[in-house]
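In case you want the letters, here they are:
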Amino acid sequence: MKKDKKNSFNTPEGYFDNFNDRLMDRIKKEEAGEATSLIPKSDGFAVPDGYFDEVTPTVLSKTVAKETKVIQFKPNRNFYYGVAAVAAIFILIFSFTWNSTSESITFDDLANAEIESYLENTDFEMTSYEIAEVVSLEEMELTNILGDDFEDDIIMEYLDENVEDIKELNLDDTDYE
Amino acid sequence: MIAEETLVQELKQEESRSKAFEVLVNTYKERLYWHIRRIVLNHDDTDDVLQNTFIKVYRNIEKFKGDSKLYSWMYRIATNESLTFLKQKSKKMGVSDQELKDRMIENLQADVYFEGDEIQLKLQKALATLPDKQKLVFTMKYFQEMKYKDISEALDTSVGALKTSYHLAVKKIEAYLKEN
């Protein structure tokens, strides 16, 4: 302990030696608005090893690469068989209805049912994602899919059964300007 | 490091866009990651939101007018994406916003990418009691060490209001840590 000759007050050993450092630390903390030591300096979050190296190619594959990717549309043998089958069905149905006098089944009924079932049951070896890339959504009109004869109540019934939350429709997609 | 104005110009031109976008991702991925992580807390969710943020930046770069810094503009997108993500998550789970926050903190205890101890867990609990804006200001200032001016652009709030929010947040967090 260091004694002051003029009075009886003492200071801890080395108090004045590091006073400047402690004062400067305190001023820095005050300036940064962090006078308190109660709040920890780190919040304890960690990332998997190598994450930041992996994320760049992932992001680029979903943005830059996607836009510049050239899709080579090479229909394989199955695709030709498929086209031939659809054509054959058309010819068959057309010739059948041409000669038929029966009015119970119309051309439209048969053609739609056959084509729908063909499309549903045939594997074109194309995922819906690939089809979506070939067929641009911007060029499509909603009426191309719905036609004019879709009743409102059919649409409402579909939405009622298949959409839990109207927000899922993403109608309020934020537009960043 | 490439100047921001040059980068923006290159991003707007088709022939230089790919290269410039790669530079952009590499420059900002870590900062945006930590910003998002402190809102959604979990690594996998942060990864999803970070990717969505960059996809939105890429799709909207033509609309960036340069009124603010590119950096603040991206922070704004990241913030909106994170908050929207949490809202959608709470709706999907059928719980309130506060209940979701409580569950997120509970999950932290079992999270392999959370290395915090008791005090850090308490800090997260304290942060969960704050209004969104106060929490954002606090984490951006305290952990990300951003300048008030940059936070002001990113959150579209005046510097004065941000300072008030920050001091209120600090007081509330301290009080919470003392009490608990």
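About the cut-offs
- Residues numbered from 1 in each chain as written.
- Chains lettered and ligands numbered in written order.
- Predicted model: local features only at pLDDT ≥ 70, side-chain atom pairs only at ≥ 80, totals over all residues.
- UniProt positions renumbered as here; feature names shortened; annotations may be inferred.
- Buried ≥ 20, exposed ≤ 12 C-beta atoms within 10 Å, placed from the backbone.
- Helix = DSSP H or I, 4+ residues; strand = E, 2+ residues; numbered from the N terminus.
- Contact = placed C-beta atoms within 7 Å.
- Nonpolar A, V, L, I, M, F, W, Y, C, P; charged D, E, K, R; others polar.
- Core = buried A, V, L, I, M, F, W, Y, C linked by C-beta atoms within 7 Å.
- Domains from an automatic or database assignment.

- Labelled according to an unreviewed UniProt entry, chain B appears under the name RNA polymerase sigma factor, originating from Flagellimonas lutimaris.
- UniProt, in its Sequence similarities (unreviewed entry) section for chain B, records the words "Belongs to the sigma-70 factor family. ECF subfamily."

Structural notes on helix α8 (residues 148-155) of chain B
Within an α-helix, residues lying three or four positions from one another point in the same direction, as the helix has 3.6 residues per turn.
Residue and element names in this part refer to chain B.
Next, step 1: Within the sequence span of α8, burial applies to I151, S152 and A154.
Next, step 2: In the core, the buried residues of α8 are packed alongside α4 (70-93), α7 (132-142) and α9 (159-179).
Next, step 3: Note on α8: the residue one or two positions beyond its end, D156, has a positive phi of about 55 degrees.

Section: the interface of chain A and chain B
Next, step 1: With 26 residues of chain A in contact, the opposing surface of chain B contributes 34 residues.
Next, step 2: No other element matches helix α2 (residues 51-62) of chain A, which puts 7 residues into the side of chain A that touches chain B.
Next, step 3: Its residues placed into classes, the side of chain A that touches chain B shows 13 nonpolar, 8 polar and 5 charged.

Concerning the nonpolar core
All names here are of chain B.
Next, step 1: Grouped together as the largest cluster of nonpolar side chains are 40 residues, with contacts concentrated most on L32, I36, L50, M74 and V137.
Next, step 2: Counting residues per element, this core draws most heavily on helix α2 (residues 14-40), at 10 residues.
Next, step 3: Here this core spans two domains, since at least three of its residues come from each of domain 1 (1-115) and domain 2 (117-180).
Next, step 4: The residues contacting L32, other than those within four sequence positions of it, are L50, T53, M74 and A78.

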